[in-house]
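Notes for the structure review
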Amino acid sequence: MFGHSIYVRKGYHLSKPKLAHELVHVLQIERACLDKVVSLHFSDLAQYGYNDAPLEVEAFEANRNYSQSW
Ligand SMILES: [Zn+2]
């Protein structure tokens, strides 16, 4: 995901939960702006690690929500 584009490598199965996760990142960028989100995210990754970074925690919630609807 970068800005308003979600890139998927050939052969990768973009399931509904994974797409929901990436769309949350698009929403996060809409709420702030790309530059702020990127710098905040890198700072958070260094401080919390991937799984506990606040922007990822919010996006993982979308994974869970859409996993249950299938
Ligand atoms: Zn993510």
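Residues numbered from 1 in each chain as written. Predicted model: local features only at pLDDT ≥ 70, side-chain atom pairs only at ≥ 80, totals over all residues. Heavy atoms only, no water.

Section: the coordination of the zinc ion
- Coordination of the zinc ion by the protein involves H21 (NE2), H25 (NE2), E56 (OE) and E56 (OE), with metal-donor separations of 2.0 to 2.6 Å.
- Here the zinc ion is ringed by 4 donor atoms whose angles at the metal span 53 to 147°, and the overall shape comes out irregular.
- Mapping the donors of the zinc ion onto the primary sequence yields the spacing H-x3-H-x30-E. Taken together, the residues span a long stretch of sequence, with H21 in helix α1 (residues 16-31) and E56 in helix α3 (residues 54-67) at a distance of 35 residues. For the pair shown, H21 and E56 are each scored as buried. (Donors = N, O, S within 2.8 Å, 3.2 Å for Na, K, Ca; no water. Tetrahedral: all angles 85-135°; square planar, octahedral: opposite > 155°, others 65-115°. Helix = DSSP H or I, 4+ residues; strand = E, 2+ residues; numbered from the N terminus. Buried < 20%, exposed > 50% of the residue type's maximum accessible area, 1.4 Å probe, protein only.)

Some points on the side chain of H25
- Relative to the helices and strands, H25 is located in helix α1.
- You can call H25 buried: its relative accessible area is 7%.

Digging into the packing of aromatic side chains
- In this structure the tally under the stated criterion is 1 aromatic pair.
- On the basis of an interplanar angle of 80° and a centroid distance of 5.6 Å, the ring pair of Y50 and F60 is categorised as edge-to-face. Taken together, the residues span a long stretch of sequence, with Y50 in the loop between α2 (34-48) and α3 and F60 in helix α3 at a distance of 10 residues.
- Among the residues examined, Y50 registers a relative accessible area of 45% and is labelled partly exposed. (Phe/Tyr/Trp six-rings, centres within 6.5 Å; stacked < 30°, edge-to-face > 60°.)

Overview of α2
- End to end, α2 covers 20 Å across 15 residues, agreeing with the expected 21 Å (1.5 Å per residue, within 8%).
- Restricting attention to buried positions, one finds in α2 the residues V37, H41 and D44. On an axial view of α2, the arc spanned by its buried residues comes to 70°, and they lie on one face. In α2, the exposed positions that point more than 90 degrees away from the buried face belong to D35, F42, A46 and Q47.
- Close packing links the buried residues of α2 with α1 and α3.
- Once α2 finishes, G49 follows within two positions and takes phi at roughly 85°, a positive value. (Expected span 1.5 Å × (residues − 1). Arc of directions from axis to C-beta. Contact = heavy atoms within 4.5 Å.)

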